[in-house]
Amino acid sequence: MDLLRALNRRKVLDCIRDAGSIARIEIAELTGASPATVSVITAELLRDGLIEAEEQVVPVNSVRRGRPKTLLRLRAEAAYAIGLKISLHQISVSLTDFLGDVLASHIAAVQTNRRPPEVVAAFCEAQIDEVIRKSGVPREKISGVGIGISGFVSYPDGVVRWSPMFGSRNVPFKQLMEQRLGLPVAVDNDSNLVGLAEKWFGQGRYHRTFLVVTVEHGVGMAIILDRHLFRGTHGFAGEFGHIKVQPQGALCRCGQRGCLEAYVADYAIVREAATFYDPTALDDPIAVHETLDKLKLRADSGETVAQDIFARAGAVLGVGVANAVNIFDPPVIIISGERTRSAQVFFDAMRQSLQEHVIGNSDTLPRIEVHQWGDVLWARGAAALVLEEFTPGGPASLEAETDMRSEVATIIAAEAAS
Ligand SMILES: [Zn+2]
């Protein structure tokens, strides 16, 4: 498939996905492609079974005349995808159709903290088998598996450079899982998958550019620029939790000091709490949750030490968010993750600190939205990754983009040499 056609095909498919159902002429208007090009591409997509046509019902009392428009929509059964999220205390897995609707999901309580990668891979495989069994979808109809994991993940090679889940560094987790499953696998940073979930299913549908900040056992970010998830050169873009807020400051799980995460993440809040309250909770992810819930109750009931712990964390997060606003100037920032259940004082302190540290005025501040996503929805984002990468609209355009990049690189090199 040539470059332009592959890119147009992807553009049209994305346009139909964003709209739900849409007429050809509107696709042409939205994508800037000519009506003739849209006709050719949609004919191909219909032939390949990726989309289907529905007759628009014109109300009897409608003043509109003429033929009813044919609307196009994605065909739910065109492809199936599995998304999986690995957390410290559980593995969540969802199986979705081509629309991203969840057909089956499954959560298993598993301690993944610093386990050997082979052990985590075996856990994942068992949960994937379980969700396939639950859904009744034949295995050969599954396009691929998307896996979200916190830490530094090289993309697209799926090597986990560092993650709190694994006892070792540089784990070729994509390869490991593909060997086990015999299915294409994509591994990405879990915050990126929340970004994709927001872009496909959440508030992100209404914005071309936005940031997602995830706060739970770690702190992460997804950067969506002009409808495109920005990963950087190696896949490490948006490592928001590891931006430095205090040189030589608090120790982070990544081994460096002064990272934002070392003040804001669950473990950092529990570390503070353990200094004053019960110091037993630090190494057990389930105890971490219990400690945070208790601390929140204390803060909400007005206990000043507990309030101060959340306020300090919120203020540091506000500094980080202000830095992100100063770089990206987004219209919206979505805050997501477990900490969205945090004490009110956490968010008050964050907003206050954001206002203090952002350039520009209060009327140019982005809207801050707080979304409480469950792990199944993160897994849905992982399934969205598969639908982007492995379905017929996906790989062709990705290859085309890569081809285009190498072509441009060749031209630049040739010009430099002459
Ligand atoms: Zn760090």
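What you see is a predicted model; the values in this text were computed from it and never measured.

A. Structural view of the overall build of the protein. Each helix and strand counted, the protein has 13 helices and 16 strands in total. The proportion of buried residues among the 418 residues of the protein is 53%. By element, 53% of the accessible surface of the protein is carried by carbon and sulfur atoms, the whole surface being about 18,800 Å².

B. The arrangement of empty space enclosed by the protein in detail. Under the criterion given, the structure shown has 2 cavities of 30 Å³ or more. Roughly 140 Å³ of internal volume is contained in the largest cavity. Taken together, 20 residues form the lining of the largest cavity, with Ser150, Gly151, Asp190, Gly218 and Val219 sitting closest to its centre. For the lining of the largest cavity, the elements supplying multiple residues, two or more each, are α6 (190–201) and β13 (219–225). Of the residues in the lining of the largest cavity, the class split is 5 nonpolar, 10 polar and 5 charged. Here the lining of the largest cavity spans two domains, since at least three of its residues come from each of domain 2 (78–195 + 387–398) and domain 3 (203–375).

C. The environment of Ile27, seen in detail. With respect to the secondary-structure elements, Ile27 resides in helix α2 (residues 24–31). Owing to a relative accessible area of 0%, Ile27 belongs among the buried residues under this scheme. As a C-alpha pair, Ile27 and Cys15 span 12 residues in sequence and 6.7 Å in three-dimensional space. Excluding residues that lie within four positions of it along the chain, Ile27 makes contacts with Val12, Cys15, Ile16, Ile22, Gly32, Val38, Thr42 and Leu72.

D. Layout of the coordination of the zinc ion. At this site the zinc ion is bound by His242 (ND1), Cys252 (SG), Cys254 (SG) and Cys259 (SG), with donor distances of 2.0 to 2.3 Å. Taken together, the 4 donor atoms surrounding the zinc ion define angles of 104 to 117 degrees at the centre, an arrangement classified as tetrahedral. Counting residues between consecutive donors of the zinc ion along the chain gives the motif H-x9-C-x1-C-x4-C. On the criterion of sequence distance, the pair formed by His242 in the loop between β14 (228–230) and α7 (261–264) and Cys259 in the loop between β14 and α7 is long-range, its members being 17 residues apart. Assessed through its relative accessible area of 0%, Cys259 is described here as buried.

E. View of the sheet that holds strand β10 (residues 171–172). Strand order in this open sheet of 3 strands is β8-β9-β10, and the pairing throughout is antiparallel. Of all the strands in the sheet, just β8 (152–153) and β10 have a single pairing partner and so form its edges. Looking at chain direction, strand β9 (residues 159–162) and β10 are connected through 2 bridges and run antiparallel. What sits directly across from Val160, in β10, is Val171.

F. Focus on the pairing of strand β11 (residues 185–189). β11 sits mainly inside the fold: 5 of its 5 residues count as buried. Examined bridge by bridge, strand β7 (residues 142–149) and β11 share 5 bridges and lie parallel to one another. Paired with Val145 across the two strands is Val185, which belongs to β11.

G. Just the sheet that holds strand β1 (residues 21–23), in detail. Spatial strand order, β1-β3-β2: 3 strands in an open sheet with antiparallel pairing. Two strands lie at the open edges of the sheet, namely β1 and β2 (51–55), each paired on one side alone. Across the sheet, the axes of successive neighbouring strands diverge by a mean angle of 35 degrees, strand direction being ignored. Direction of pairing for β2 relative to strand β3 (residues 70–74): antiparallel, over a ladder of 5 bridges.

H. Geometry of the confidence of the model for the protein. Looking at the protein as a whole, its pLDDT mean stands at 85, while 87% of the residues score no less than 70. Of the regions scoring below 50 in pLDDT, residues 394–404 engages in 17 contacts with residues more than four places distant in sequence or in other chains.

I. Representation of the packing of aromatic side chains within the structure. The tally for this structure, following the rule as stated, stands at 5 aromatic pairs. On the basis of an interplanar angle of 50 degrees and a centroid distance of 6.2 Å, the ring pair of Phe152 and Phe236 is categorised as tilted. Taken as a pair, Phe152 in strand β8 and Phe236 in the loop between β14 and α7 lie far apart in primary sequence, 84 residues in all. Residue classification places Phe236 among the partly exposed residues on the basis of a relative accessible area of 33%. Taking 5.2 Å as the distance between ring centres and 50 degrees as the angle between the ring planes, the aromatic pair formed by Phe166 and Phe173 counts as tilted. On the basis of relative accessibility, which here comes to 0%, the residue Phe173 falls in the buried class. Grouping aromatic residues by their ring pairs yields a cluster made of Phe152, Trp162 and Phe236. One residue, Arg231, lies across the ring of Tyr155, its end atom 3.6 Å from the ring centre.

J. Focus on the side chain of Lys199. If you trace the backbone, Lys199 turns up in helix α6. According to the relative accessible area criterion, Lys199 is buried, its value standing at 9%. Looking at Lys199, its side chain comes within polar contact range of the side chain of Glu388, at 2.9 Å. If near-sequence neighbours (up to four positions away) are discounted, Lys199 is found in contact with Gly204, Arg205, Phe210, Arg227 and Glu388.

K. Quick peek at helix α4 (residues 117–135). A rise of 1.5 Å per residue sets the reference length of α4, with its 19 residues, at 27 Å; its end C-alpha atoms lie 27 Å apart and thus fit the reference within 8%. Taken together, the buried positions of α4 are Pro117, Val120, Ala121, Cys124, Glu125, Gln127, Ile128, Val131 and Ile132. Turning to α4, the residues buried within the fold contact β4 (80–86), β5 (90–96), β6 (102–109), β7, β10 and α5 (173–181).

Criteria and cut-off values
- Residues numbered from 1 in each chain as written.
- Predicted model: local features only at pLDDT ≥ 70, side-chain atom pairs only at ≥ 80, totals over all residues.
- Heavy atoms only, no water.
- Helix = DSSP H or I, 4+ residues; strand = E, 2+ residues; numbered from the N terminus.
- Buried < 20%, exposed > 50% of the residue type's maximum accessible area, 1.4 Å probe, protein only.
- Areas by Shrake-Rupley, 256 points an atom, 1.4 Å probe, with all protein chains shown as cover.
- 1 Å grid on protein atoms, 1.4 Å probe; cavity = no way out; pocket = protein on both sides within 12 Å on 5 of 7 lines; lining within 4 Å.
- Points joined across faces, edges and corners; volume = space filled by probe spheres on them.
- Nonpolar A, V, L, I, M, F, W, Y, C, P; charged D, E, K, R; others polar.
- Domains from an automatic or database assignment.
- Contact = heavy atoms within 4.5 Å.
- Donors = N, O, S within 2.8 Å, 3.2 Å for Na, K, Ca; no water.
- Tetrahedral: all angles 85-135°; square planar, octahedral: opposite > 155°, others 65-115°.
- Pairing = 2+ DSSP bridges.
- Axes fitted to C-alpha atoms, helices over the stretch in contact; angles between N-to-C directions.
- pLDDT = per-residue confidence, 0-100.
- Phe/Tyr/Trp six-rings, centres within 6.5 Å; stacked < 30°, edge-to-face > 60°.
- Lys NZ or Arg CZ within 6 Å of the ring centre and 35° of its normal.
- Polar contact = N/O pair within 3.5 Å; in protein donor to acceptor, adjacent residues only side chain to side chain.
- Expected span 1.5 Å × (residues − 1).

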